[in-house]
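Chain by chain, the residues run as shown.
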Amino acid sequence: MIESHSTEVELRWRPSPLTRAVITSAAAALAVAVIGGYWQLVAFAAPLVGVLVSIGWQRTVPRVHVHAEPGSARCFESEESRLDVWAVREDTETGDVAADLTLETVDGMRLERVEPASRQRQTVAVSADKWGRYPIVTRVRVLGRGGLVVGTGVADAANVFVFPLAPPQSTAIPRTELLDRLGTHLTRHIGPGVEYADVRRYVPGDQLRTVNWPVSARRGSLHVTERLTDRAADVVVLIDGYPQPPGPATEATDRIARGAVQVVQSALRSGDRAGVVALGGRHPRWLGADIGRRQFYRILDAMLTAGDGFETTPGTLAPRAAVPPGAIVIAFSTMLDTEFALALIDLRKRGHTVVAVDVLEGAPFEEERDRLVARMWSLQRSFMYRDMGTIGVDVVSWRGDATLDQAMQLVPDHRRPSRRRAART
Amino acid sequence: MRAAASPVTRAVSTAFGLVMVASAAVQADGPGLVAAVVAAAAVLAGSVFRPAATIAVLATVAVLVLADAPPVLTATSGLCAAAYLVLRHTAAVTSPTVLGAVGFTAAGLAAASLPIQLPWVPLLAPLAVLVLYVLVTRPFWAT
């Protein structure tokens, strides 16, 4: 269903060019009449004054609504999206001119007019090369009160949400204890599956179909084949939405969204549940973990604050409802904000596997500094990586020249699962 | 507005403008005719370039002054000037506009053709015109 969006334009009314022309003419005629004593010019000015006076008897100024269909368009980067925008006056009299529309948009978005049917209804094709939320700004100009006043107003007719495109490579999830749910990640747990694990003696209760007949014949007693099971994971992406300092940190923010989309895309593709939490501004936006293609678009909506499919909770930490127990948290951040780091430590304390991807490249200073400063900065960062690693939050650096899946190969393997398996057997 | 520039409206407005100049220049001779030619040229230019319409009306005032036209011709010219300006700027002519223009023409014609010559009129006229001007333009200040 394509929903249309309607906005009332706040109009500012001022005298129209007609009024100014009439006033000028009447004033000139009256001035000549008074100064030069040409009294018949009063008769010339009288109709002009009559036109001006008629403002008191004209209809009241109209109200103008701007409609857009669809009210909010969603597309991916460099995709083209079409919008219909038209204006409606509330008191359209017959023969009266309707509102005059001019469509604009912000920098970074291309706007092309498609076959302008009329000046009141326009169809535009928009596309942008960079993700973000782009408003379609409508300038409305409308004459009121018999053309004596002109109203101008600006309104956002529609929003175009441009989603980031992510590279198709799958990102590896960190090795951890996965949930007891069927999925696609091979684990060392015994259970239903296809990969061979072991052969053991039959105990009552084993399914007969798992009996390994060649081994049983050779050994003289029943043996069954055990298999490794595939399990699913819950992946929650944490996005750093805190204000970033200008310069390299702001540029790095662009990759936060791309990385998050790539992780969500590869998680959903492998059948895992994925969710998103966008921290920042003391009102985290979040979307609970779920599976499927629909969830991908819901996550994109939540990332760009499109629609109302997500939830907000006050606070600076990730809400408990957003991160299911045992979920893997992958955070994208410039690691410059303390509150974000505290949120990561809090998640780690709750028992989640937390991986932070540092998207900042080099020192976040705009101008060239002494090389010593850069050196001190990199030392400081490596201390921070070590400190976070001690707490249990693994930080990997993602530089612009590498892809995310390469960077995420560097997540340290803590070998916790294998130790537990050794203790069990 | 661009929407007002339909060919028919434009032609009608230009016709009104030419009638305005013609009725002003009925009794013109010499410099008055020159001013009339200027005004007619401005009317023709105004059909393309809108601000020229105001210049045409101002030139018509000059024609009226130079030709010393009688009140009836002046009133006709003024009515045509109002119609010319309104049609040139907007396609929608509402009934209050027409009533206002016609009603005030009648009132102005009556005032200008009064035969009485009072000695204090030239003294009071500038003040009256100023008050009239303020009262008329008052609705536009707030907007």
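Refer to the structure printed above.
The structure presented is a predicted model; accordingly, all values stated were derived computationally and were not measured.

For the overall build of chain A, give the residues involved together with the corresponding values.
Per the secondary structure count, chain A includes nine helices and 19 strands. Over its C-alpha trace chain A gives a radius of gyration of 33 Å, far above what one expects of a compact globule, namely 22 Å for 425 residues. Within chain A, the fraction of its 425 residues that count as buried is 49%. A sequence separation of at least 24 residues applies to 72% of the contacts in chain A between residues at least 6 apart. When the accessible surface of chain A is split by element, carbon and sulfur atoms take 52% of a total near 21,100 Å². Positive and negative side-chain charges of chain A, numbering 52 and 49 respectively, have mean locations separated by a distance of 6 Å.

Give me the lowdown on the overall build of chain B, citing residues and values where you can.
Looking only at helices and strands, chain B features six helices and zero strands. When the helices and strands of chain B are read in sequence order from the N terminus, they spell out α-α-α-α-α-α. Dimensions of chain B, computed from the C-alpha atoms along their principal axes, are close to 50 × 45 × 20 Å. Buried residues in chain B amount to 43% of all 143 residues.

Before we move on, can you summarise the sheet that holds strand β15 (residues 285-290) of chain A with the specific residues and values?
Residues and elements named next belong to chain A. Taken in spatial order, the seven strands make up an open sheet running β16-β15-β14-β13-β17-β18-β19, and their pairing is mixed. Single-partner strands in this sheet number two, and they are β16 (311-312) and β19 (393-397). Where strand β13 (residues 234-240) meets strand β17 (residues 328-333), five bridges bridge the pair, whose relative direction is parallel. Counted as the bridge partner of valine 236 is valine 329 from β17. On the sheet, helix α4 (residues 248-269) packs against β13, β14 (273-279), β15 and β17 and is oriented at approximately 170 degrees with respect to β13. Where helix α7 (residues 371-391) meets the sheet, it contacts β18 (353-358) and β19, and its direction lies at approximately 145 degrees from that of β19.

How would you sum up the pattern of salt bridges? Please name residues and give values.
All names here are of chain A. Under the criterion given, the structure shown has 17 salt bridges over all chains. For the salt bridge of arginine 74 with aspartate 301, the shortest nitrogen-to-oxygen distance reads 2.9 Å. In this pair, arginine 74 sits in strand β4 (residues 72-76) while aspartate 301 sits in helix α5 (residues 293-303), placing the two residues 227 residues apart along the sequence. A relative accessible area of 36% means that arginine 74 is categorised as partly exposed. Note that glutamate 104 is salt-bridged to arginine 139, the shortest N-O span being 2.8 Å. With glutamate 104 in strand β6 (residues 100-105) and arginine 139 in strand β9 (residues 132-144), this pair connects stretches of sequence that are 35 residues apart. Residue class for glutamate 104 comes out partly exposed when judged on its relative accessible area of 31%.

Cut-offs used in this document
The numbering scheme is per chain: residues are counted from 1 as the chain's sequence reads. Each chain is given a letter, starting from A, and each ligand a number, starting from 1, according to the order in which they appear as written. Where local features are concerned, this predicted model is filtered to residues with pLDDT of at least 70; where side-chain atom pairs are given and counted, the filter is 80 or more; whole-chain, interface and lining totals use all residues. Based on all heavy atoms of the structure, the side-chain values leave hydrogens and waters out of the count. What counts as a helix is a DSSP run of H or I of at least four residues, what counts as a strand is a run of E of at least two, and both are numbered from the N terminus. For this measure, only C-alpha atoms enter the radius of gyration; the expected value for a globule follows 2.2 Å times N^0.38, where N is the number of residues. Burial classes follow relative accessibility: with a 1.4 Å probe on protein chains only, a residue under 20% of its type's maximum area counts as buried, one over 50% as exposed, and anything between as partly exposed. Residue contacts follow a heavy-atom distance rule, with two residues in contact if any of their heavy atoms lie within 4.5 Å. Per-residue and other accessible areas follow the Shrake-Rupley method at a 1.4 Å probe size, with only the shown protein chains counted as cover for residues. In this count, Lys and Arg are taken as positive residues and Asp and Glu as negative ones, while His and the chain termini are left out. In plain terms, the charge of a residue is placed at NZ if it is Lys, CZ if Arg, CG if Asp and CD if Glu. At least two bridges found by DSSP between two strands are what make those strands a pair. To obtain an axis, a line is fitted to C-alpha atoms, over the contacting stretch when the element is a helix, and the angle between two such axes runs from 0 to 180 degrees between their N-to-C directions. By salt bridge we mean one thing: a side-chain nitrogen of Lys or Arg within 4 Å of a carboxyl oxygen of Asp or Glu.

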